[in-house]
Amino acid sequence: MINRLKDDKTLYAALERFLPAGTSALLPQLLDGYSTLIKLKPARKSKFGDYRPLKNKKYQHQITINNDLNPYAFLVTLLHEIAHMHAYEKHKNRVKPHGAEWKSIYAEVLAPFISLDYLPTDVYNSLLKHINGPTASSCSDHALFQALKKYNPESNGLMVLEALPLGSHFKWRNGQVFLKEAKLRKRYKCTELNSRRTWFFHPMAEIEKLDS
């Protein structure tokens, strides 16, 4: 079920239970004045969150966030999408989604939250580096992704594909079995054993290791 969080004081109260302690108090400076609908979505493997402008009388912006994220991943995802909203307000569609303009805005949005008052040391240090060269998603920043992942609940023995040796077999979320074959520039080339088709996986894809 999707939760719809209203754009008023109840928004911050509703978000508080998903965020690191103390951080919800900093959100009004980023969200007040924006007509924003925030939806909590069931876990999506393809993304943690997204942003899009709306064209209706009630809301002008929509942000969605996966509801299974740990508090630090939820915070980073929310700030990432808020930066998209600010960039759209300022530039509309005249700039690239993750171009220089967005990166500058994202760094400004992140800055007040990068504090040991709110974050564990490893997430704090990773965000300090991340803010100087933010990527299209936290998954693309391997150091940040690994720091955030440490605070996930146990995930049924899953591991990231990057940690699996070449030549090993693994199971994907749909039950298909793959052979991890080669590292390309940004992806791993893998073969699906039943169809023999080639797939290309992100290094941080969560997979189930199988005996070779």
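Residues numbered from 1 in each chain as written. Predicted model: local features only at pLDDT ≥ 70, side-chain atom pairs only at ≥ 80, totals over all residues. Heavy atoms only, no water.

Undergrad: Just to check I follow, could you spell out the overall build of the protein for this structure?
TA: Along its length, the protein carries six helices and ten strands. For a compact globule of 212 residues, the expected C-alpha radius of gyration is about 17 Å, and the protein comes in at 19 Å, within 12% of that figure. Along the longest, intermediate and shortest principal axes, the C-alpha atoms of the protein span 55 × 40 × 35 Å. Scored against the burial criterion, the 212 residues of the protein give a buried share of 44%. In the protein, once contacts between residues fewer than 6 apart in sequence are set aside, the share between residues at least 24 apart is 54%. Carbon and sulfur atoms make up 50% of the accessible area of the protein, which totals about 11,700 Å². (Helix = DSSP H or I, 4+ residues; strand = E, 2+ residues; numbered from the N terminus. Rg over C-alpha atoms; globule rule 2.2 N^0.38 Å. Buried < 20%, exposed > 50% of the residue type's maximum accessible area, 1.4 Å probe, protein only. Contact = heavy atoms within 4.5 Å. Areas by Shrake-Rupley, 256 points an atom, 1.4 Å probe, with all protein chains shown as cover.)

Undergrad: When you look at the nonpolar core in this model, what are you seeing that I'm missing?
TA: A general feature of soluble globular proteins is that nonpolar side chains tend to end up buried together. Core analysis: the biggest nonpolar cluster contains 42 residues, and Leu27, Leu78 and Ile82 have the highest contact counts within it. Of all the secondary-structure elements, those providing two or more residues to this core are helix 1 (9-16), helix 2 (28-31), strand 2 (36-41), strand 4 (61-66), helix 3 (71-91), helix 4 (100-110), helix 5 (121-130) and helix 6 (142-149). Once residues within four sequence positions are removed from consideration, Ile82 is found in contact with Leu27, Leu30, Leu31, Ile63 and Val109. Counting residues in hydrophobic clusters, the runner-up holds ten residues, among them Leu164, Phe178, Ala205 and Ile207. (Core = buried A, V, L, I, M, F, W, Y, C linked by side-chain atoms within 4.5 Å.)

Undergrad: Would you explain the sheet that holds strand 9 (residues 198-201) in this entry?
TA: Strands pair in a sheet through their backbones, by hydrogen bonds, and they do so in one of two ways: parallel or antiparallel. On the basis of which strands lie adjacent, the open sheet formed by six strands has the order 5-10-6-7-8-9 and antiparallel pairing. Looking at which strands have only one partner, the edges of the open sheet turn out to be strand 5 (159-160) and strand 9. Relative to strand 10 (residues 206-210), strand 6 (residues 169-171) runs antiparallel, the two sharing three bridges. Looking at the pairing, Phe170 lines up with Lys209 of strand 10. (Pairing = 2+ DSSP bridges.)

Undergrad: Got a minute to help me understand the packing of helix 3 against helix 4 in this structure?
TA: For any two helices packed against each other, one specifies the crossing angle of their axes together with the interaxial distance. For the pair helix 3 and helix 4, interaxial distance at closest approach is 9 Å and the crossing angle is 130°. On the basis of their axis angle, the class for helix 3 and helix 4 is oblique. Between helix 3 and helix 4 lies a crossing whose hand is right-handed. Contacts between helix 3 and helix 4 pair Val76, Leu79, His80, Ile82, Ala83, His84, His86, Ala87, Lys90 and His91 from the former with Glu101, Trp102, Ile105, Tyr106, Val109 and Leu110 from the latter. In terms of residue class, the contact of helix 3 with helix 4 is made up of ten nonpolar, four polar and two charged. (Axes fitted to C-alpha atoms, helices over the stretch in contact; angles between N-to-C directions. Parallel < 35°, antiparallel > 145°, perpendicular 65-115°, else oblique. Left-handed = near helix turned anticlockwise from the far one by under 90°. Nonpolar A, V, L, I, M, F, W, Y, C, P; charged D, E, K, R; others polar.)

Undergrad: Explain the pattern of salt bridges here, please?
TA: Close approach of charged atoms allows side chains of opposite charge to pair. Summed over all chains, the structure comprises three salt bridges. When the shortest N-O distance is used, the salt bridge between Asp50 and Arg44 registers 3.7 Å. Here the salt bridges share partners, and the residues they tie into one network are Arg44, Lys47 and Asp50. (Salt bridge = Lys/Arg side-chain N within 4 Å of Asp/Glu carboxyl O.)

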